[in-house]
Amino acid sequence: MVEKMRFLDAKRKSRSDGGLSGRDFYSAKCMKAVNQCIGRSIRHARDWSAILLLDHRYAQPGIHQQISRWLREAATAVGFKDALAQ
């Protein structure tokens with residue numbers, strides 16, 4: 001993975017139209033896996049599940065935008081103590 005990231009970074013520097021950086025590629029790959037795991041917990045419209053993303057990074061705008069839209073619209077970010085109180 002590190003080599004792929006270095007390759008993309010070098011390729012991006014040599015091209016004028018940009019492209020994905022190594023960090024962007026890694027982030028997209030990770031968020032794809034997160035979204036797939038979330039999707040596995042809910043199979044159909046009448047199914048239900050509790051989804052907890054227990055990392056403050058999911059509340060950051062760049063990461064938050066990569067979460068599936070249906071979940072993004074329903075999700076709320078709360079602190080750990082607040083989550084325990086609910």
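Residues numbered from 1 in each chain as written. Predicted model: local features only at pLDDT ≥ 70, side-chain atom pairs only at ≥ 80, totals over all residues. Heavy atoms only, no water.

1. Things to note about the nonpolar core
Rule in force here: Remark: nonpolar core denotes a set of buried residues (Ala, Val, Leu, Ile, Met, Phe, Trp, Tyr, Cys) joined through side-chain atoms within 4.5 Å. Three exposure classes are used, based on accessible area relative to the maximum for each residue type with a 1.4 Å probe and protein chains only: buried under 20%, partly exposed in between, and exposed over 50%. The secondary structure listing takes helices from DSSP runs of H or I that are at least 4 residues long and strands from runs of E that are at least 2 residues long, numbered from the N terminus. Contacts are assigned to residue pairs with any non-hydrogen atoms lying within 4.5 Å of each other.
Grouped together as the largest cluster of nonpolar side chains are six residues: M31, V34, I38, I63, I67 and L71. Counting residues per element, this core draws most heavily on helix α2 (residues 22–41), at three residues. Leaving out residues up to four positions away in the same chain, V34 has contacts with L53 and Y58.

2. Focus: α2
An α-helical turn contains 3.6 residues, so a residue and the one three or four places further along point in the same direction. Definition in use: Under the convention used throughout, the expected extent of a helix is 1.5 Å for every residue step, that is, one less than its residue count.
Compared with the 28 Å implied by 1.5 Å per residue over 20 residues, the 30 Å span of α2 between its first and last C-alpha is a close match. Among all positions of α2, only G22, S27, M31, V34, N35 and I38 are buried. Elements in contact with the buried residues of α2: α1 (2–14), α3 (61–64) and α4 (69–74).

3. Some thoughts on the packing of α1 against α2
Condition: In this description, a line fitted to the C-alpha atoms serves as the axis of each element, helices being fitted only across the stretch in contact, and the angle between N-to-C directions of two axes falls anywhere from 0 to 180 degrees. Orientation categories follow fixed angle ranges, with anything under 35 degrees roughly parallel, anything over 145 roughly antiparallel, 65 to 115 roughly perpendicular, and all other angles oblique. Each residue gets one of three labels, nonpolar for Ala, Val, Leu, Ile, Met, Phe, Trp, Tyr, Cys and Pro, charged for Asp, Glu, Lys and Arg, and polar for the others, Gly among them.
As a packed pair, α1 and α2 sit with axes 7 Å apart at the nearest point and diverge in direction by 135°. Taken together, the axis directions place α1 and α2 in an arrangement best described as oblique. Contacts between α1 and α2 involve K4, M5, L8 and D9 from the former and G22, R23, F25 and Y26 from the latter. Among the residues forming the contact of α1 with α2, the class breakdown is four nonpolar, one polar and three charged.

4. Here we look at the pattern of salt bridges
Filter applied, for reference: When a carboxyl oxygen of Asp or Glu lies within 4 Å of a side-chain nitrogen of Lys or Arg, that pair is called a salt bridge.
Across all of its chains, the model carries two salt bridges by this definition. Between R6 and E3 there is a salt bridge; the shortest N-O distance is 2.8 Å. Of the two residues, R6 and E3 both sit in helix α1, three residues apart, roughly one turn of that helix. Both residues of the pair, R6 and E3, belong to the exposed class.

5. Side note on the side chain of S21
We apply this condition: In protein, a polar contact requires one atom able to donate a hydrogen and another able to accept it; more generally it is a pair of N or O atoms within 3.5 Å, and residues adjacent in sequence count only if both atoms are side-chain atoms.
Mapping S21 onto the fold places it in the loop between α1 and α2. In this structure S21 comes out as buried when scored by relative accessible area, which is 9%. Within polar-contact distance, the side chain of S21 engages the backbone nitrogen of D24 at 3.1 Å. Setting aside anything within four residues of it in sequence, one finds S21 in contact with L8, D9 and R12.

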